[in-house]
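Report on the structure
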Amino acid sequence: MHTTRPTRRSVALGLGLLPAAACASAARDESAAAPTEPALRCRLILVRHTEKVKDGTADPALSPAGEARALEFARTFEHAGVTTLLHSGLVRTRETLRPLSERLGLGMEAIAPMDADAWTRRISAAGPDEVIAVAGHSNTVPALAWAFGVLLPGLEDAGLEPPLPHGYLPHTAYDRVHVLTPGADGARLLELRYGAPS
């Protein structure tokens, strides 16, 4: 079993008519790493929820742009072998996965967004034949990748002191998908772009 925290790596790749993005790599001080790293045996597709309406509520629905992007996510990943759909229980994450759920005939599971232990337990329990798609948030997507040994590229620190080791996705970033695949020396990352650039 892999017991040391790997160097965070990423390979960025464009989809469709978008140009391929530049390759990126990043590393963190090992002293900032979590004391243990759960094993990743499945393939993990991480996406932030799509665009939401700005109605001032705590649990807004998707905007028309978000609904269109959710359809594009389903179109892009309907043949990726997805076996499980996980979301945070909030409307915007559930609705991001709904078109894919309907295309695949799969139900969706909700896990509370800040219950890090529940997320890592659920994903760690998945076997090598499983492909899990997760719709999360600008803070939970990087945190989940970090839990499995991967630092996502292009993150922000949100001005926190001390800064979180895994950072946040930029507020305007809705077109990124991060695919984690198990490897002999730790999880490998592909960063993809889908739908309209954001």
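This write-up is about the structure you can find in this document. (Residues numbered from 1 in each chain as written. Predicted model: local features only at pLDDT ≥ 70, side-chain atom pairs only at ≥ 80, totals over all residues. Heavy atoms only, no water.)

1. Quick look at the packing of aromatic side chains
- Tallied over the entire structure, the rule returns two aromatic pairs.
- Ring geometry for phenylalanine 73 versus phenylalanine 77: centroids 4.9 Å apart, planes at 40 degrees, classification tilted. Taken together, the residues phenylalanine 73 and phenylalanine 77, both in helix α1 (residues 64–77) and four residues apart, mark about one turn of the helix.
- For phenylalanine 73, a relative accessible area of 0% puts it in the buried group.
- Residue phenylalanine 77 is classed as buried on the basis of its relative accessible area, which comes to 6%.
- Pairing phenylalanine 73 with tyrosine 194 gives two aromatic rings, centres 5.7 Å apart and planes at 65 degrees, and the pair type is edge-to-face. With phenylalanine 73 in helix α1 and tyrosine 194 in the segment after β8 (188–193), this pair connects stretches of sequence that are 121 residues apart. The burial state of phenylalanine 73 is the same as that of tyrosine 194; both residues are buried. (Phe/Tyr/Trp six-rings, centres within 6.5 Å; stacked < 30°, edge-to-face > 60°. Helix = DSSP H or I, 4+ residues; strand = E, 2+ residues; numbered from the N terminus. Buried < 20%, exposed > 50% of the residue type's maximum accessible area, 1.4 Å probe, protein only.)

2. Quick notes on helix α2 (residues 91–104)
- The end-to-end C-alpha distance of α2 is 20 Å, a good match for the 20 Å that 14 residues give at a rise of 1.5 Å each.
- Where α2 bends most, at arginine 98, the angle is about 40 degrees, and the proline proline 99 comes one to four residues later.
- For α2, the complete set of buried residues consists of Val91, Arg92, Thr93, Thr96, Leu97, Pro99, Leu100 and Ser101.
- In this fold, the buried residues of α2 make contact with β3 (43–48), α1, β4 (84–87) and β6 (131–136). (Expected span 1.5 Å × (residues − 1). Bend = angle between axes of the 7 residues up to and from the residue. Contact = heavy atoms within 4.5 Å.)

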